[in-house]
Amino acid sequence: QVQLVESGGGLVQAGGSLRLSCAASGRTFSSYAMGWFRQAPGKEREFVAAISWSEGSTYYADSVKGRFTISRDNAKNTVYLQMNSLKPEDTAVYYCAADGGVHYIPVFAYQYDYWGQGTQVTVSS
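First, a word on scope: everything that follows refers to the structure included in this document. Please read these numbers as outputs of a predicted model, since none were measured by experiment.

**Concerning the pattern of salt bridges**
- Applying the stated criterion across every chain yields a total of four salt bridges.
- Between D90 and R38 there is a salt bridge whose closest N-O contact spans 2.9 Å. Within this pair, whereas D90 is found in the loop between strand 8 (78-83) and strand 9 (92-99), its partner R38 is found in strand 4 (residues 33-39), the two being separated by 52 residues in sequence.
- Look at D90 and you get buried, because its relative accessible area is 0%.
- Taking the relative accessible area as the measure of exposure, R38 reaches 6% and is therefore buried.
- With a shortest N-O distance of 2.7 Å, D90 and R67 are connected by a salt bridge. Of this pair, D90 sits in the loop between strand 8 and strand 9 while R67 sits in the loop between strand 6 (58-60) and strand 7 (68-73), and the two are 23 residues apart along the sequence. In terms of burial, D90 and R67 fall into one category: buried.
- Salt bridges here are not isolated pairs; linked through shared partners, they connect R38, E46, R67 and D90.

**So, the packing of aromatic side chains**
- Going through the model one piece at a time under the given rule, you end up with seven aromatic pairs.
- Ring geometry for F37 versus F47: centroids 5.6 Å apart, planes at 75°, classification edge-to-face. Taken as a pair, F37 in strand 4 and F47 in strand 5 (residues 46-51) lie far apart in primary sequence, ten residues in all.
- Pairing F108 with Y110 gives two aromatic rings, centres 5.8 Å apart and planes at 20°, and the pair type is stacked.
- A cation over an aromatic ring shows up here: R45 above the ring of Y95, its NZ or CZ 3.8 Å from the ring centre.
- Across the ring face of F29, the terminal group of R72 is positioned such that the distance to the ring centre comes to 4.6 Å.

Cut-offs applied
- Residues numbered from 1 in each chain as written.
- Predicted model: local features only at pLDDT ≥ 70, side-chain atom pairs only at ≥ 80, totals over all residues.
- Heavy atoms only, no water.
- Salt bridge = Lys/Arg side-chain N within 4 Å of Asp/Glu carboxyl O.
- Helix = DSSP H or I, 4+ residues; strand = E, 2+ residues; numbered from the N terminus.
- Buried < 20%, exposed > 50% of the residue type's maximum accessible area, 1.4 Å probe, protein only.
- Phe/Tyr/Trp six-rings, centres within 6.5 Å; stacked < 30°, edge-to-face > 60°.
- Lys NZ or Arg CZ within 6 Å of the ring centre and 35° of its normal.

As C-alpha cells, this is what we get:
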C-alpha cells in the first residue's frame, strides 16, 4: 500500500512558476513509476507527466512539454513537478499517482494503482 500526499499548489499569475511535491509512504517508492495528472472543472482527468522507476526516464503531454519538468528523489520518497511559464489553461486540480506494475512510463490513468487527493493550481490572467 502506498499513500500519496501532494503539496505546493496555489494561485499564481500567468507566466509564473510553481513546484508541486508528492510525498509517498512505503519502503518501495523507488520501484514505482510516478505520474502527474490534472483535472479542470467540467473536463476529463488528463495526463501531464510521468517518470520511470529506474533511470529517471520522463514523458510529457504536448501541452506542457518544455514548460514542466518531472523529477524524483528516491531518498526522500518524493516526486516533483516544476511548472514554469504557467498559463490560465493550466488551472486544474493536480494529482500524483503511483504505478507498482510493469509499465515503464505509464501515461494512462488506468495504469496507476495509487492516487493522491490532489492540489489546486490556479493561474490568473
